[in-house]
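Observations on the model geometry
The residues making up each chain are set out below.
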Amino acid sequence: MSNKITFVPISYTGWDSLEHLVSEVERLNASNILIVTDPFLEELGMTNKIIEPLQAQGWKTSVYTEVVPEPPLEVGEKLVAFTKEHKFDLVIGLGGGSALDLAKLAGVLATHEGKVADYLNLTGNRTLTHKGIPKILIPTTSGTGSEVTNISVLSLESSKDVVTHDYLLPDVAIVDPALTTSLPPKVTAATGIDALTHAIESYVSKNANPVTDALALQAIRLISGSIRTAVADGENKEARMDMSYGSYLAGLSFFNAGVAGVHALAYPLGGQFHISHGESNAVLLPYVMGYIRQSCEKRMKDILEAMGFSSNQFSQEEASLKCIEELKKLVADVGIPLSLKEFGIQEEALDSLADDGIKQKRILARSPMLLEREDIFAIYQAAFK
Ligand code: NAD
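Model, not experiment: these values are computed from the prediction.

Regarding the site of the ligand
Of all residues adjacent to the ligand, which total 30 residues, the nearest are Pro-69, Gly-96, Gly-97, Ser-98 and Val-153. Mapped by element, the contributors of at least two residues to the shell around the ligand are helix H2 (39-43), helix H5 (97-109), strand S6 (151-155), helix H6 (185-204) and helix H10 (277-292). Two domains each put at least three residues into the shell around the ligand: domain 1 (10-180) and domain 2 (185-384).

Some points on the sheet that holds strand S1 (residues 10-13)
Strand order in the open sheet formed by six strands is S1-S8-S5-S4-S2-S3, and the pairing between neighbours is parallel. Pairing within the sheet leaves two strands with one partner each, and these edge strands are S1 and strand S3 (60-64). Taking the axes of each pair of neighbouring strands and ignoring which way they run, one obtains an average angle of 15° across the sheet. Here strand S4 (residues 90-95) pairs with strand S5 (residues 135-139) via five bridges, running parallel. The residue bridging Gly-93 from the neighbouring strand is Leu-137, located in S5. Contacting strand S2 (32-36), S3 and S4, helix H3 (residues 46-55) crosses the sheet at an angle of about 165° to S3.

Considerations on the UniProt feature "domain: Alcohol dehydrogenase iron-type/glycerol dehydrogenase GldA" (unreviewed entry) in the protein
Cross-referencing UniProt, the feature "domain: Alcohol dehydrogenase iron-type/glycerol dehydrogenase GldA" (unreviewed entry) maps to residues 12-177 in the present numbering. Regarding residues 12-177, the helix share stands at 29% and the strand share at 22%, and the terminal C-alpha atoms are separated by 11 Å.

Description of the environment of Leu-350
Here Leu-350 shows up in helix H13 (residues 350-357). Taking C-alpha positions, Leu-350 is 9.7 Å from Ile-379, a pair spaced 29 residues apart along the chain. Other than its neighbours up to four places away in sequence, Leu-350 contacts Phe-377, Tyr-380, Gln-381 and Phe-384.

Quick look at the packing of helix H7 (residues 210-232) against helix H11 (residues 297-306)
At a minimum axis separation of 8 Å, H7 and H11 run at an interaxial angle of 40°. Considering the angle they form, H7 stands oblique to H11. Two secondary-structure elements touch here, H7 through Leu-217, Ile-220 and Arg-221 and H11 through Asp-302, Ile-303 and Ala-306. Grouping the amino acids of the contact of H7 with H11 by side-chain chemistry returns four nonpolar, no polar and two charged.

Quick word on the UniProt feature "domain: Fe-containing alcohol dehydrogenase-like C-terminal" (unreviewed entry) in the protein
As annotated by UniProt and renumbered to match this structure, "domain: Fe-containing alcohol dehydrogenase-like C-terminal" (unreviewed entry) occupies residues 188-384. The straight-line gap between the two end C-alpha atoms of residues 188-384 is 24 Å; of that span, 72% is helix and 0% is strand.

Observations regarding the nonpolar core
With 124 residues, the main nonpolar core has Val-36, Ile-92, Ala-106, Ala-199, Ala-219, Ile-220 and Val-288 as its most contacted residues. Per element, the largest residue contribution to this core is eleven residues, and it comes from helix H8 (residues 237-257). Those residues within four positions of Val-36 in sequence are excluded, and the remaining contacts are Tyr-64, Val-67, Leu-79, Val-91, Gly-93, Ala-99, Leu-102, Ala-103 and Ala-106.

Calculation notes
Residues numbered from 1 in each chain as written. Predicted model: local features only at pLDDT ≥ 70, side-chain atom pairs only at ≥ 80, totals over all residues. Near = placed C-beta within 6 Å. Helix = DSSP H or I, 4+ residues; strand = E, 2+ residues; numbered from the N terminus. Domains from an automatic or database assignment. Pairing = 2+ DSSP bridges. Axes fitted to C-alpha atoms, helices over the stretch in contact; angles between N-to-C directions. Contact = placed C-beta atoms within 7 Å. UniProt positions renumbered as here; feature names shortened; annotations may be inferred. Parallel < 35°, antiparallel > 145°, perpendicular 65-115°, else oblique. Nonpolar A, V, L, I, M, F, W, Y, C, P; charged D, E, K, R; others polar. Core = buried A, V, L, I, M, F, W, Y, C linked by C-beta atoms within 7 Å. Buried ≥ 20, exposed ≤ 12 C-beta atoms within 10 Å, placed from the backbone.

Here it is, written out as structure tokens:
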């Protein structure tokens, strides 16, 4: 069996790595630049950190701030229409996964016919044919790994769908933890557990291989070791570094090995109840892993070790059970509820959640245990209680 491993061509990582932006824009030969971000980041003054050095070179910059969290399809359509109207030669995405995903779409679809809806994975009927204009992605959360993946996620009425193709990969990713110190504790927690979920799901994925394993285990070590500190003390430089490296590594890992059950079940929570992507993953993580535990006991023992616990005294089964307990503790310690009830979801909603969850066949295919609709319903039930 062979594995395809794809990485972003160039990444800059580490504190103040934003200093490489100007030389990369120069290398990409751009002078009319679209910056896609959200209004809150503009208010925070984050956009100025990007615009000022670019304008100092005499380059034209346009800032598009109509990004909203978990962007609906219409927000993507509007941005793509705007991008098509102008002759930008570079797109910079600055923000969390919501801004980065939209920047990727804008860059590729700027030079494609049709609408975003035409290219959706579940319902679209067109395929991307070329790369579009160059893209630089600069994450300001430590969560999605969008800066290194070929996916853009959009919210639909009852669930989520994606556009996915290697043409969505950026030319450059700049992962500067200094941009994350302003993240409030709640967003640090949700996005951090999102990154941990990427690492865990890709480690137990049917498509895992030794390269993605190495990336995933290091991501689990960094994130589980530092997320509590990053939530409690957002200015802690070491914790922020660990979280940024952790989410970057987890992104590389899941992009190549895939995510599975947690994400498939999280999408309907986001779509139907507008729960953030990070919280949707967090509330489901222990229950999905608990349900599939027996299909990946050995791997869960490795995860327990990567979380900093010795498993020598445990059998594989005991270690996998302890792993679930430690995941529950971690989610609770960073302040995320461990029950769907606490998100205001009624028991009657579980059926329609399961109906939408089972539609995510492409994602569910990587689960180490086959998940049918009745399994999905049982997992939502466990998470409800
Ligand atoms: P987000 O981009 O929605 O941002 C969440 C909130 O945090 C926003 O209000 C934003 O303004 C704020 N914020 C961002 N950076 C900040 C900072 N440094 N300081 C203060 N506030 C800041 O959140 P996210 O979790 O990063 O992204 C979620 C989106 O990414 C969802 O649509 C999800 O489906 C998608 N996603 C994409 C991928 C991928 O591979 N493309 C993977 C996972 C999730």
